[in-house]
Every structure is written in structure tokens, then in C-alpha cells.
Amino acid sequence: MRFRPRASCLMLVALGLLLASAAHAQTAEEELAARLKALEERVRQLEAELAGLRARSPGAPGATAAATPTTAPAPTGAPGAAPAQLPVYGGASAAASKVFNPDISLAGNFVGALGRNSVNPLPVLEVPEAELGLQAIIDPFARGDVFLSFGEEGVELEEGYLTFTSLPGGVLAKVGKMRSEFGVVNKLHTHNLPWIDRPLVTENLLGGEDGLNDASLSLSRLLPAPKNVFLEATIEVGRGDSADVWQSSQRSDVSLLGHLRGYGDLSEETNLDLGFSYGRGHNDFGSSFITDLYGVDATIRWKPLRRALYRSFLARAELVWSRRREPLDTQTAFGMYTSADYRLNRRWTLGGRFDWSDRARDPSLTDKGVSAIFTYWPSEFSQLRWQYRFVDYAEGRQGHELLFQFLYIMGAHGAHPF
Amino acid sequence: MRGHWLSTVMLLLTAAFFSLVSAPAARAASKLYVVTTTEDLASLTREVGGDHVEVEAIARGYQDPHFVEAKPSFILKLNRADLLVLVGLQLEVGWLPPLITQSRNPRIQLGTPGYLDVSQFCKILEIPTGQITRAMGDVHPLGNPHYWLEPENGRRIAQAIANRLAELRPQEASYFQQRFQDFSQRLAAAEKVWDQKMAPYRGRKVVTYHRSWPNFAERFGLNVVGYVEPKPGIPPSPSHTLELINMMKRENIKLILVEPYFDLKTPKAVARETGAEVVVLLPSVGGEKEVTDYFKLFEYDINLLVAAFGRIR
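Computed from a prediction, not measured in an experiment: that's the story for all the values here.

## Focus: the overall build of chain B
Then, number 1: Of regular secondary structure, chain B possesses 10 helices and eight strands.
Then, number 2: Along the three orthogonal principal directions, the C-alpha set of chain B runs to about 85 × 55 × 40 Å.
Then, number 3: In chain B, which comprises 313 residues, the proportion classed as buried is 50%.
Then, number 4: Pairs at least 24 residues apart make up 62% of the contacts formed inside chain B by residues separated by at least 6 positions.

Next up, the structure:
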């Protein structure tokens, strides 16, 4: 699109004609005045739209206006105003500078550990990952989100998927590699966790840091529900490879996952979120051996809207059952965590978590843990976090650790779903 | 073999599930359903849409519009919206994009007639020039998004909404345009009253908590010379607060304007040290119960300011 001065002239001529005719129409003066006013407004708006088009057009003479100031001049209509050029309006400059580049962001994570843990020790200092995010609207029908995880051991595609936003029937479809909709914590990126580590149930039953994360096709839609209740069903079909939980030996060894989420506002400040998850895939014993996962999650949130910057509370529990078929036996394991976070003021959050989890391959072994977490927010783009973690491992050994973490976000990181 | 059979069954169940479950309740065809991100935009939509539209806002007027939670209940609203009206300039960047993506509503996706960013029609202040970094705080690179606090911008927003409603419902275009004309005339009359009330105080220096008021200040002649926040989005620090106190004493500034969602502790401490007064000024419709529309927002704020200036002389 290029700026067309002829269009502007035509509009001004039309306006002039209307002015002239209005002068001769004595009997309908008021009506014409109102009409004239409407047309003036229309011309003003069209001028704004032309300015926007001009700014968006890289080759247009006015395109460089994006880099120039500042406050837009007053619109036409001010007494005696005769603007020499079209005003620069907000929003116009944005598109010119970004063109079609995706939003680029980087979430950095630096972790340190003190104390002792002989079962699952963390290095004294490490950079577990720096997550590079590339996010953009692909076309009128889909958007793309890609997250690359750069760690000390290499680069990994953490997630990379297309979301189709304009499908008929109210269906939202995703295709690509993505964290599965199993429970709550499995979907969260590391930098979005309220803790430094992941709960023991994630480590023992859901594949650890990588979690249930596979090349998948996901379909979800809203279900009929009572007024103001959000009810969403999601079904995913994956290749069947997710950490040490599911392993595909042949093409037909796909994994299947279903998630039902119900959400309701109990009041303006408080809401309740419930989820039920089921996953099924083949395990490392081969195509004939299935691992089923069942999950229940519940979250209650409180945040007074007037004081949302300073006060909030969140309590959450997730329960997971794993049923793993093996050549000689079926291993049935259970794990859970429950956590709470309280925002003390604008900069400090206090949290706690209790862990309890059997191990998937030997449910007679149970790990238990408890953590206390302090988070400090210098700004919304960085966090400092301390976590005291006590773990009572099944082997009879105990871990006492003080973990600390620096998190930071660079660039335009897209908002996370609620 | 057993696994293969089960997979097939699960896939068939999936297909059956999605084909049998009915779609969410269809919206009433008689009225356009408009969702706005703020109550200010909702009020302006009601002005021009009258009883031909149903309007709901996402953020409440007493809530910081930068930090709204993207609750699933908002997805339900967006799912059936015919039109989404937003402030833009990245005010809603922290919460609106995932809601739109999850809305499953092709009508309100970016680039469709049902997506209306009204910032493109308004006079925008504080558009940064030169290099922008987050060392400047949470700056808005496209300009200050609190632009609705200027009646002329309110007029432009109303006009843009009326035009878009007319585009969506051409047979009702004259109704929306007539409503806009009526609104514009009432606004012009109200502006005269507001100008008269504020005229004695043009040029008065004030301090504000956040950079919410450039358009309001320019329109009504206030001179904002300092902020309680050291930088946009950064909480007050002791050193900045001390600098602010010294500056206010030096410049004899006696009024601190605070939005209803910020803590009053630091502003009150500054006021104690400087003999200033703290006034909780509303940036949005719905900030208080009685502030139910765009006109009452300006009336409320201007009456507060006039009373405060009267007290501090």
C-alpha cells in the first residue's frame, strides 16, 4: 500500500463541495451542519488511516516518520489550524519498525546450590538453560511459537508448534513439539515455575525436567457448561516418545492424552481451577507394554484487584498415578505435591511446597520432601529466588540444600496462558 | 497388537467426542456483542452503540490495566464476541494475546474487522525516540497508552468504534453515526464546563505516581514535574524518594496524584515531608462506584483536583 495524495484531494474537494452547498441551504442549516461535522470527523479519521498506511509502507516517503518524534500535532479542526502534513498517530510507527520479524526473547536461568545431596546433587553453579523464544503470527489462520533451549550440554527444541486460531467449530488445533496438557506443572517452562526445581512427582513419574513433551497433534475445544464456567477438553496424539515415560518402537506406538479443565470465578478476587488428565503410551519394554498416567489437579487463587500488585495467594495440588506394565508385573505408583505462594508486597513472594512420590519403576521406593521459597522481583523482567529444600530419599539418605537462582527475560517474551 | 487396537479405539473415540459435543451456545443475533479491554472503552462503546450492542469490559476500572490476569472466564467472553476493542500501544501485551489465541473466535483475530485497536486514531504522547532499553523501566515503545484521558481522544475513539460498528452492521450505520454526533455534542458542552473549572489552575505543578496522565495534563494545563516511581513500572526506591522530596520542597509542589491501584505508603510519606496533599485520581471509568461513564470520569477527577487546589492554594 502506498500513500495516495489523490485520495486526500478528493476527500478535501468533497468536503469543499459540501461546504459550498451548505452555505446555500438555508432551510436545512442545522441538519447540514450536523452532516458536515460528521464528514469532518470522517475526513479526520481517513487522514489518520492514511498516515498509518504511509508509515507501514517501507518505500513510502513518510515511512521514516516512525523514527522521528513524538507527540502528534493537534488534529484538524483546531481554530486556524492548517496542518502542512498529516499527523503521526500512535500505533503507526510500530509496524514500520518491526515489519515481519517474529518477537524474539531470551529467558536466562542461573542456579547455584549449597549443602548436601548425595542422591540427586546439583552443581554448585550452573546455567541449566537459556530459552530463546521466537513467536509470530504466521498468516491469518495460524501463529507460531518456537522455544529453543540452550544448555551446557547443547541445544534442544523445547517446543515448536503452530496454533490454528481460526478453525470452524470452535476448535483450537496445535501441531508440533509441545509440552503436553497433563496437569499444570508439566506445561510450565522452567523460567515460569514458582520454584527453582521441579516437584519430586515430576522427577519420578512424569519424565523430570523435560516432562511429557513430544511431537504431537493437539485439538481442544470449549464444552457446554453452566454460565460463567469455563470447561475445556483437550485431546493429544503424540509420536510416543516422552523422556523415560513413553517410548515408541514402531509407528503405531503413538501416545494419547486427554485433559479436561474446569474453571470458575468464585468471586471477583477468587477463582478455582480443576483439571483431570489421562495419558497412555508404550514404555521401554516394547510395543506390548503400556504405561498409563492419571492426574488430578486443583488450584485456588486469590488476588484483590485493587491491590493486585501487592497481595495474592495461590494454593495448588497435583496428584498423579502411574500404571506401568512390565514383562513380569505391573508397577502402580502414586505421587503428589501441594504448594502455596503468598505475595507479601510488590517485590517479595513467600512460598512452600510439600512433595511425596513413589518411583515409577519401583513403587516400594518413596521420596518425600519439603521446600521453603523466597522470591524477590527487582522488576517484572527479573527475579532472584532462594529455596531451602529438604528431601528424604527412599534409600534412607537425606538432602539439605540451599538453592538460589537468577532469572531474567530479554526482549519481547509473549505472555503465558493462565 | 493390543496397543495398536487400543490406539485405534482411542482415535475413534476422539473423533466421536469432537463431532458429538455441541458448540458453545450461539450468541443472540439481534445485538452485536462487544468486548473491550477497559471500562473506558466499554463506556465509549455504549455511547455510540446504544441499545444495539451488548458491551462487556475485561479489566475493572480500579485495576492496573498493565497487570490483568488472563483468566479463562475472559476466554468465554471473547469466544462469542463480534468485536474486540483494545487500547493498544502494548498496554495489554501481558495478558490479551493468549486470550485472543485461546478464544477460538476467528472474528476477533488480528487483521479482521472484529479487532479494533483504537490507538491508531488517537493523539499519542511520549513516543520515545532514539534507543529504547529496559534500563528506562517498563517503557512503552509505541507511546504512552493512557491516551483516553483526553476528551478529544475520547471523541476519536467513539468515532472509530461507531465506524466499525457501522461496518459490521451496515443497516444500522445511521443509528451509530447519530449516536456519535449526539455524544460529540454533549462532550463539547462538557469540555467547556471542565475548561472553566480548571482554568484557574493551568500551569500548576504536580507529581504523579505513574506516567498515567500526560494527555490529561496537557489538555487541562497541569505541569507534571516528577513521579513517585523512579522509572515506569519500578517501585519507589529510598534514594529516588529523597530526591523527589527535595525537588518538591524546592519547587513548592503541593499535590501528588496517585492511581487507585498503587500503595499510598510512599506518597503519604512524601506528602508528610513536603506538606503536600495526596489525591487518588481515577484513570478509568469504574474506579469508584459513582464513576459509571466517560463523562463522570472527568467530572470526578476535575472536581477532586479543583477541591485539592482550593485547599492547598
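## Remarks on the confidence of the model for chain B
Residues and elements named next belong to chain B.
Then, number 1: Taken residue by residue, chain B gives an average pLDDT of 92. The fraction at 70 or more is 91%.
Then, number 2: Between residues 20-28, whose pLDDT stays under 50, and residues either more than four places distant or in other chains, the model counts 10 contacts.
Then, number 3: For this predicted complex, the interface confidence reaches an ipTM of 0.87, while the overall pTM sits at 0.82.

## A look at the pairing of strand 10 (residues 290-302) of chain A
Residues and elements named next belong to chain A.
Then, number 1: Summarising the sheet, strand 9 (residues 270-282) and strand 10 pair through 13 bridges and their orientation is antiparallel. Directly across from D273, in strand 10, lies its bridge partner T299.
Then, number 2: When strand 10 meets strand 11 (residues 312-325), the two strands line up antiparallel, connected through 12 bridges. Bridge pairing links D297 to E318 in strand 11.

## Some thoughts on the nonpolar core
Then, number 1: Counting 87 residues, the largest nonpolar core has V48, L78, L84, V85, I157, I161 and I256 of chain B as its most contacted members.
Then, number 2: Formed by 18 residues, the second largest nonpolar core is a distinct cluster that contains L205, V320, A333 and A360 of chain A.

## Re the environment of E273 of chain B
Residue and element names in this part refer to chain B.
Then, number 1: Summarising the element assignment, E273 is placed in helix 9 (residues 265-274).
Then, number 2: Owing to 15 C-beta atoms within 10 Å, E273 belongs among the partly exposed residues under this scheme.
Then, number 3: It is 9.5 Å that separates the C-alpha atoms of E273 and M248, two residues lying 25 residues apart in sequence.

## Here we look at the pairing of strand 6 (residues 223-227) of chain B
All names here are of chain B.
Then, number 1: Inspection of the sheet shows strand 5 (residues 205-208) paired to strand 6 by four bridges, in the parallel sense. By the bridge assignment for strand 6, V207 is matched with G226.
Then, number 2: Handedness of the strand 5-helix 7 (residues 214-220)-strand 6 crossover: right-handed.

## A closer look at the sheet that holds strand 1 (residues 32-36) of chain B
Residues and elements named next belong to chain B.
Then, number 1: With parallel pairing, four strands are arranged side by side in an open sheet as 2-1-3-4. What marks the edges here is a single partner per strand, and that holds for strand 2 (53-57) and strand 4 (115-117). Across the sheet, the mean angle separating the axes of adjacent strands is 20° when strand polarity is ignored.
Then, number 2: Examined bridge by bridge, strand 1 and strand 3 (residues 83-86) share three bridges and lie parallel to one another. For T36, the partnering residue across the bridge sits in strand 3 and is V85.
Then, number 3: The strands that helix 2 (residues 39-49) touches are strand 1, strand 2 and strand 3; relative to strand 2, the one it contacts most, it runs at about 170°.

## Focus: unusual backbone geometry
Then, number 1: One non-glycine residue with positive phi stands out, namely N228 of chain A, at about 70°.
Then, number 2: A positive phi angle is found at R104 of chain B, which is not glycine, with a value near 55°.
Then, number 3: When you line up the elements, R104 of chain B lands in the loop between helix 4 (96-102) and strand 4.
Then, number 4: Classification of R104 of chain B by C-beta neighbours within 10 Å gives buried; the count is 24.

## A closer look at helix 10 (residues 294-312) of chain B
All names here are of chain B.
Then, number 1: Compared with an ideal rise of 1.5 Å per residue, which puts 19 residues at 27 Å, helix 10 spans 28 Å between its outermost C-alpha atoms and is within 8% of the ideal.
Then, number 2: Among all positions of helix 10, only Y294, F295, L297, F298, D301, I302, L305 and A308 are buried.
Then, number 3: Where helix 10 is buried, its residues contact helix 2, helix 5 (151-168), helix 6 (173-198), strand 7 (255-258) and strand 8 (277-280).
Then, number 4: R313 sits one or two positions beyond helix 10 and adopts a positive phi of about 55°.

## Quick look at the sheet that holds strand 5 of chain B
Residue and element names in this part refer to chain B.
Then, number 1: The four strands lie next to each other as 6-5-7-8, forming an open sheet whose pairing is parallel. Two strands in the sheet have a free side with no partner beyond their single neighbour: strand 6 and strand 8. Within this sheet the neighbouring strands show an average axis-to-axis angle of 35°, counted without direction.
Then, number 2: Across the sheet, helix 10 is in contact with strand 7 and strand 8; its angle to strand 8 comes to roughly 175°.

## Things to note about the packing of helix 5 of chain B against helix 6 of chain B
Residues and elements named next belong to chain B.
Then, number 1: Contact geometry for helix 5 and helix 6: axes closest at 9 Å, N-to-C directions at 175°. What the angle tells us is that helix 5 and helix 6 run roughly antiparallel. Across the interface between the two elements, P151, G154, R155, A158, Q159, A162, L165 and A166 of helix 5 pack against A173, F176, Q177, R179, F180, F183, S184, L187 and E191 of helix 6.
Then, number 2: Its residues assigned to classes, the contact of helix 5 with helix 6 shows 10 nonpolar, four polar and three charged.

## Quick word on the environment of P121 of chain A
Then, number 1: Looking at the secondary structure, you find P121 of chain A in the loop between strand 1 (103-116) and strand 2 (125-139).
Then, number 2: As a C-alpha pair, P121 of chain A and H416 of chain A span 295 residues in sequence and 30 Å in three-dimensional space.

## Focus: the packing of helix 8 (residues 238-251) of chain B against helix 9 of chain B
Residues and elements named next belong to chain B.
Then, number 1: Where helix 8 meets helix 9, the closest approach of the two axes is 10 Å, and the angle between their N-to-C directions is 40°. Looking at the two axes, helix 8 sits oblique to helix 9. For the element pair helix 8 and helix 9, the recorded crossing hand is right-handed. Across the interface between the two elements, T241, L244, I245, M248 and K249 of helix 8 pack against T266, V270, E273 and T274 of helix 9.
Then, number 2: The residue inventory of the contact of helix 8 with helix 9, partitioned by class, reads four nonpolar, three polar and two charged.

## Looking at the confidence of the model for chain A
Residues and elements named next belong to chain A.
Then, number 1: Averaged over all residues, the pLDDT of chain A is 84; the fraction at 70 or higher stands at 77%.
Then, number 2: Note that residues 1-28 has pLDDT below 50 and, in this model, 21 contacts with residues that lie over four places away or in other chains.
Then, number 3: Every residue in residues 55-88 scores below 50 in pLDDT, and together they form 55 contacts with partners more than four places removed in sequence or on other chains.

## Some remarks on helix 2 of chain B
All names here are of chain B.
Then, number 1: Burial runs high along helix 2: 11 of the 11 residues are buried.
Then, number 2: Contacts made by the buried residues of helix 2 are with strand 1, strand 2, strand 3, helix 5, helix 6 and helix 10.
Then, number 3: In the stretch just after helix 2, G50 is the one whose phi turns positive, near 50°.

## Structural notes on the environment of R313 of chain B
Residue and element names in this part refer to chain B.
Then, number 1: By the secondary structure assignment, R313 is in the segment after helix 10.
Then, number 2: Overall, R313 belongs to the exposed group, with 5 C-beta atoms counted inside 10 Å.
Then, number 3: A sequence separation of 112 residues divides R313 from Y201, and the C-alpha atoms of the two residues are 9.7 Å apart.

Criteria and thresholds
- Residues numbered from 1 in each chain as written.
- Chains lettered and ligands numbered in written order.
- Predicted model: local features only at pLDDT ≥ 70, side-chain atom pairs only at ≥ 80, totals over all residues.
- Helix = DSSP H or I, 4+ residues; strand = E, 2+ residues; numbered from the N terminus.
- Buried ≥ 20, exposed ≤ 12 C-beta atoms within 10 Å, placed from the backbone.
- Contact = placed C-beta atoms within 7 Å.
- pLDDT = per-residue confidence, 0-100.
- Pairing = 2+ DSSP bridges.
- Core = buried A, V, L, I, M, F, W, Y, C linked by C-beta atoms within 7 Å.
- Right-handed = clockwise from strand over helix to strand, strands pointing away.
- Axes fitted to C-alpha atoms, helices over the stretch in contact; angles between N-to-C directions.
- Expected span 1.5 Å × (residues − 1).
- Parallel < 35°, antiparallel > 145°, perpendicular 65-115°, else oblique.
- Nonpolar A, V, L, I, M, F, W, Y, C, P; charged D, E, K, R; others polar.
- Left-handed = near helix turned anticlockwise from the far one by under 90°.

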